[in-house]
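The primary structure of each chain is shown beneath.
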Amino acid sequence: MPPVETQIVSRELSEFLQSPDDLLKIATFRKKLAKEKASIDAKLKSGVKDQLDSTREGLKKLFGTRSNVQAIRDEMAGIDRACQETNKDVKMLDQISRVSVVHRNFAQTEEIVHNLMDLHSRLTVVSKQLDDDSKDILGPAPNLLSIHFQLNRLEAFRNQINHQAKTASADARNILARLLDPLAKELEKFDQYLWELTRNILPIVRAGNGSVIVRLVKIVEVEGREDEKVCPRFVHPVVFHSISQRYFSQAIAIKVVKKAGRLDASSKFKSILANARKIKHYRPTMMDKIRQSVKDAFTQAYEQDKRNPAAFLEALNKWMWKDIVRIKSGVVPLFPPDYNIWNIYIKQYHKSLDETLRRIVDDAPDAAFLLTLHAWLKEYRESMEDMEVDLELIQPPLLEGKDQSLIDDYLALIVKKLDEWTKNAVRTDVQTFRTRDKPPELDADNLYGLDGTVLMFEIINQQIAVAIESGQGTILAQVVTECSRVMRSNQELWTKTIDSEYKRHVEKPDEAPGGLVEYVIAVANDQFRSADFAAALSERLEARVSGKYKTTIVERLNDAIEGYLDVTKKCTQTLIDTIFNDLKPAIKQFFTPMWYDGVMDQVVETMRDHTNDHKAYLNPSLLELLVADLLDTFLITYLNALARASKLRMPQAADRIRDDISDVFTLFSSLKPAKEVEDQFDVIEMILALLTASKSLVFLSYWPFAQKHGPNFAFTEALMKARDDLNRSEVSEVMDSVKRKVKEEKLGDPEAPTIMKKINVSQGGISGFLGL
């Protein structure tokens, strides 16, 4: 490949392959380029065919012209010989010719005088007929041919007299112009009426006045023949050869005879020059007016629904196809076959439709319309095929055949709008969350909530509903993917916001606004409700799509659901963190000398106050999760503090633990079933048995604990060392016995981790666990 072509190919490839992910789109690019190549090949093939036909036709005309010229030469030679023989045989031929000319001039002068005298009355009749027919543009126009006939004769008279007046004085020509001015106005008025009829061909046919169109075509044909007489180069190619020899012969005859100085002979041809007719081009003008009428119809439809392109398409389905059917059945039979009126109409409808759709697409319509248009283009091609329209007449395809670009534009617009709308909605909620200058809103269930979630899912449901209407699984899957991406993005934003606001609440309580708990509850409710929305959406869509796209849709929505539940979990954990942040002073006293005096009342009351507040405005399902996590957190905190206790006064420590657990059990029994609370406090009972067992019986208490929670040597040793009723050697004996038994029984950790897996005895002091 030459270097220049290599550079071009490289540049084109670089536009398509801008990132590694684009390699996955190579098949799509290949199909797109193949479609574009096929379209260009079709255009080139059609252009080459037209060019070859034109060249072939031109060659035929050249050969025919050469034959005509030779025939004219032979005829002119014969005329020249006849003239010479006549001059020799007939004496006084020049005088006879002059007398003939004088006689003809007298006759013409008399005719001109009579025509000028009758001009006003004839124009009056024609004007009245024209006014009568013009009153109703839809017909029946009974005087159309009569008007044209009269005006055609008057126009021929005007052309003749204007030609003869070329040698007259300026004053005479001015007088003549004033006399003929009413005729010029009537001719202009008639032309306007003709073209108005042309622009209303379809309404006229619908009104049942097809004969008007027949008469209109007849007038165009007559004017075309008159144009041919004046200038044969305007002759339609179909009839060119039938008239070329006759008119070219006349023109050349005049020139040859004048050169020979034969006045009497050249005068015979003056009548041809006297008809100084202006070429009217009625037929091409008629075609232009027909095309313009189609353009005007599309322009009017566009302007009527300019702000509602969907309504434009809906209206288009009503009138455009009716027009095309009427053209095929009612208009085409009224025109001669060589007019190709069907082709002209179809090409112009296709062209005007393409121009209008481009205007609509350039105006950046909404995403729903892009999908509607994509489906409509497919229906358009199918409808044209059903009507047996030659596909060459609807080339190039609408929007250059770039139907897929509509989908790309739709998805790009969806991404843009989803990002814009949801960010605005969520950003408003986030800003409200950060300022917290008023309490959160209450929903219909009297629970805290925010407005953005409902708005966001309304937007998502709207876009998915539009995608469903497209009937294409790939579009629906892509829209769901984008919606899932937006949901995940918002979830990340909420996670970061909650973290930052909780950090501000803890580190700078004086600067942070109040109401953090209330707003965290509101976010938790919204995220939990969003998970329900997403689950319902997944269930609804799963029943609508095939297995090819079902997996993608379900996976994306499951990702979103998990994300919402993660944020919900983040909220409930933040609520628990807030509670334990308030409990820091009391927790610091666990298993210290002050603990023996009782600090659990403060802890229990604090947790009760918070849970009562949560119960009023938190979703009941979330409240259950919150209570379960709160109890787990309390037990972990309590056991961690116990594991790090440096000294336990026995048996007072055991009594104090029993009292603490009794208070906490009472609290949580009011929040969840007592049996579930008992099961969770079972580990405390086992640990109490270890604490209160004598040195010789510790093993008996340890073994059930180890079987359920695993060996936990570090925790057990820390607990034994903290007991003030055991010395170092006794602790060693106890640990040696339990380790030996565990080794003999090959006891390991349980398959399912228990709460003891979360107990950390590696750091000294409770502050290591609480971050104090």
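Think of each chain on its own: its residues are numbered from 1, step by step along the sequence as written. For a predicted model such as this one, the threshold for reporting local features is a pLDDT of at least 70, and the threshold for listing and counting side-chain atom pairs is 80 or more; totals across whole chains, interfaces and linings nevertheless cover every residue. Computation of side-chain values: all heavy atoms of the structure, hydrogens and water removed.

Novice: I'm lost on a nonpolar patch on the surface in this one. Help?
Specialist: A contiguous nonpolar patch, built from L59, L62 and F63 and spanning about 320 Å² of accessible area, is present on the exposed surface. The way it works is that DSSP assigns letters per residue, a run of H or I at least four long becomes a helix, a run of E at least two long becomes a strand, and they are numbered from the N terminus. Tracing the sequence through the fold places L59 in helix α2 (residues 26-89). When accessible area is computed with a 1.4 Å probe and restricted to protein chains, residues below 20% of their type maximum are described as buried, those above 50% as exposed, and intermediate ones as partly exposed. Note on L59: relative accessible area 42%, which makes it partly exposed. Each patch is assembled from residues with relative accessible area greater than 30% and no salt bridge, linking like charges that lie within 9 Å and nonpolar side chains (Val, Leu, Ile, Met, Phe, Trp, Tyr) that lie within 5 Å. Residue-level accessible areas treat just the shown protein chains as cover; the underlying method is Shrake-Rupley with a 1.4 Å probe. A side-chain nitrogen of Lys or Arg and a carboxyl oxygen of Asp or Glu constitute a salt bridge if their distance falls within 4 Å.

Novice: It is not clear to me how the nonpolar core should be interpreted in this structure. Could you clarify?
Specialist: Nonpolar side chains tend toward joint burial in soluble globular proteins. F335, L357, Y410 and L648 are the most contacted members of the largest nonpolar core, which totals 195 residues. It only takes one pair of heavy atoms within 4.5 Å for two residues to be counted as in contact. With residues up to four places along the chain from it excluded, the contact list for F335 reads I201, I213, V217, M286, I290 and I341. What we call a nonpolar core is a set of buried Ala, Val, Leu, Ile, Met, Phe, Trp, Tyr and Cys residues that are connected through their side-chain atoms within 4.5 Å.

Novice: Would you mind going over the environment of A512 with me for this structure?
Specialist: With respect to the helices and strands, A512 occurs in the loop between α17 (473-507) and α18 (516-542). When the C-alpha atoms of A512 and Y502 are compared, they prove to be 9.2 Å apart, with 10 residues separating the residues in sequence. If we skip the residues at most four places from it in the chain, A512 touches R436, R504 and H505.

Novice: Just to check I follow, could you spell out unusual backbone geometry for this structure?
Specialist: What is expected of a backbone is that most residues other than glycine have negative phi and most peptide bonds are trans. With an omega of -5°, the peptide bond between Q395 and P396 qualifies as cis. On the secondary structure map, P396 appears in the loop between α14 (367-386) and α15 (403-435). The residue after M650, namely P651, is reached through a cis peptide bond having omega 5°. Structurally, the position occupied by P651 is in the loop between α22 (620-643) and α23 (652-669). At A141, a position not held by glycine, the phi torsion is positive, near 50°.

Novice: What am I meant to see in the confidence of the model for the protein chain here?
Specialist: When pLDDT drops low, the exact placement of atoms in the prediction is not to be read closely. Think of pLDDT as the predictor's per-residue confidence, scored from 0 to 100. In this model, the protein chain carries an average pLDDT of 84, and 88% of its residues clear a pLDDT of 70 or more. Predicted confidence is poor over residues 233-274, with pLDDT under 50, and the contacts of this stretch with residues over four places away or in other chains come to 50 contacts.

Novice: I would appreciate a short explanation of the packing of aromatic side chains in the present structure.
Specialist: Each pair of aromatic rings is reported with the distance of its centres and the angle of its planes. A pair of aromatic rings is counted whenever rings of Phe, Tyr or Trp (Trp by its six-membered ring) have centres within 6.5 Å, and the orientation is called stacked for planes under 30 degrees apart, edge-to-face for over 60 and tilted otherwise. Taken as a whole, this structure holds 22 aromatic pairs when the rule is applied. Note on W195 and Y282: the rings are 5.1 Å apart at their centroids and 70° apart in plane angle, and the pair reads as edge-to-face. With W195 in helix α5 (residues 170-199) and Y282 in helix α11 (residues 282-304), the pair connects residues that are 87 residues apart, well separated along the chain. Y282 matches W195 in its accessibility class, with the two residues each being buried. The criterion is that NZ of a Lys, or CZ of an Arg, lies within 6 Å of the ring centre and within 35 degrees of the ring normal, and then a charge sits over that ring. Lying across the ring of Y339, R283 places its NZ or CZ 3.9 Å from the centre. Of note, R436 hangs over the ring of F433, and the distance from its end group to the ring centre comes to 5.8 Å.

Novice: How should the environment of K128 be read in this particular structure?
Specialist: For K128, the location among the structural elements is in helix α3 (residues 93-134). Counting along the chain gives 19 residues from K128 to I147, while the straight-line C-alpha distance between them is 9.7 Å.

Novice: How do you make sense of the pattern of salt bridges when you look at a structure like this?
Specialist: Note that side chains of opposite charge can pair when their charged atoms are close. Within this structure, the stated rule accounts for 36 salt bridges. Put simply, R358 and D354 hold a salt bridge, and the shortest N to O gap is 2.9 Å. With a gap of four residues between them, R358 and D354 both fall in helix α13 (residues 341-362), about one helical turn apart. Connected through shared salt-bridge partners, E155, R158, E223 and K280 make up one network.

Novice: Mind showing me how you'd approach α23 here?
Specialist: Helical geometry: 3.6 residues make up each α-helical turn, so side chains three or four residues apart lie on a common side. With 18 residues, α23 ought to run about 26 Å at 1.5 Å a step, and its terminal C-alpha atoms sit 25 Å apart, in line with that. All of the buried residues in α23 are A653, A654, R656, I657, D660, I661, V664, L667 and F668. Relative to the axis of α23, the buried residues are bounded by an arc of 155° and lie together on one face. Considering only its buried residues, α23 is in contact with α21 (600-617), α22 and α24 (674-692). Multiplying 1.5 Å by the residue count of a helix minus one yields the expected span of that helix. The arc in question is the one spanned by the directions pointing from the helix axis to the C-beta atoms.

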